[in-house]
Amino acid sequence: CNAAISACGEWHRALQILTTGKQMNLQQEVITCNAVSNACTKSSEWQRAASLFHAMRSGGALRANAVSISTVTSACERCKEWQQALGPLETLCVTGIQG
């Protein structure tokens, strides 16, 4: 899954691969969600990157890491939505997420 998402580079296809993987009960990994978020960032889809970040942050088996925060922050910065980047940055400060 990770290789396919990284290779496709298009946010809608990356999201489709992620969704298909969930439907097939494939194990989701933070790196998979980060790859999808990165595809969204490259396509200026900051809302989708933020949505993935919030989904990881909301509990479940996946936990956002420093790459997750960096990716969503980059997506917000790229689209000049700096206010939206404050939430992920606050998460970094409050939780002390590293590497």
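Here, the structure is the one placed above.
Computed from a predicted structure; not experimentally measured.

A. Summary view of the packing of helix α2 (residues 11-23) against helix α3 (residues 30-42). Contact geometry of α2 with α3 gives a least axis separation of 8 Å together with a crossing angle of 160 degrees. By the angle between their directions, the pair α2 and α3 is classed as roughly antiparallel. Seen along the crossing, α2 lies across α3 with a hand that is left-handed. Contacts between α2 and α3 involve W11, A14, L15 and L18 from the former and T32, C33, V36, A39 and C40 from the latter. Taken together, the residues of the contact of α2 with α3 sort by class into eight nonpolar, one polar and no charged.

B. Structural context of the nonpolar core. Formed by 23 residues in total, the largest nonpolar core has its most connected members in V36 and M56. Elements that contribute at least two residues to this core include exactly α2, α3, α4 (46-57) and α5 (66-78).

C. Main features of α5. Between its first and last C-alpha atoms α5 spans 18 Å; for 13 residues at 1.5 Å apiece the expected length is 18 Å, and the two agree. What α5 keeps buried is the set S68, I69, T71, V72, T73, A75 and C76. Of the residues that open α5, the one with a side-chain oxygen 3.0 Å from the backbone nitrogen of V67 is N65. Phi for K80, located one or two positions after α5, is positive at around 60 degrees.

The rules we used
- Residues numbered from 1 in each chain as written.
- Predicted model: local features only at pLDDT ≥ 70, side-chain atom pairs only at ≥ 80, totals over all residues.
- Heavy atoms only, no water.
- Axes fitted to C-alpha atoms, helices over the stretch in contact; angles between N-to-C directions.
- Helix = DSSP H or I, 4+ residues; strand = E, 2+ residues; numbered from the N terminus.
- Parallel < 35°, antiparallel > 145°, perpendicular 65-115°, else oblique.
- Left-handed = near helix turned anticlockwise from the far one by under 90°.
- Contact = heavy atoms within 4.5 Å.
- Nonpolar A, V, L, I, M, F, W, Y, C, P; charged D, E, K, R; others polar.
- Core = buried A, V, L, I, M, F, W, Y, C linked by side-chain atoms within 4.5 Å.
- Buried < 20%, exposed > 50% of the residue type's maximum accessible area, 1.4 Å probe, protein only.
- Expected span 1.5 Å × (residues − 1).
- Polar contact = N/O pair within 3.5 Å; in protein donor to acceptor, adjacent residues only side chain to side chain.

Purely spatial values, then, with no claim about function.
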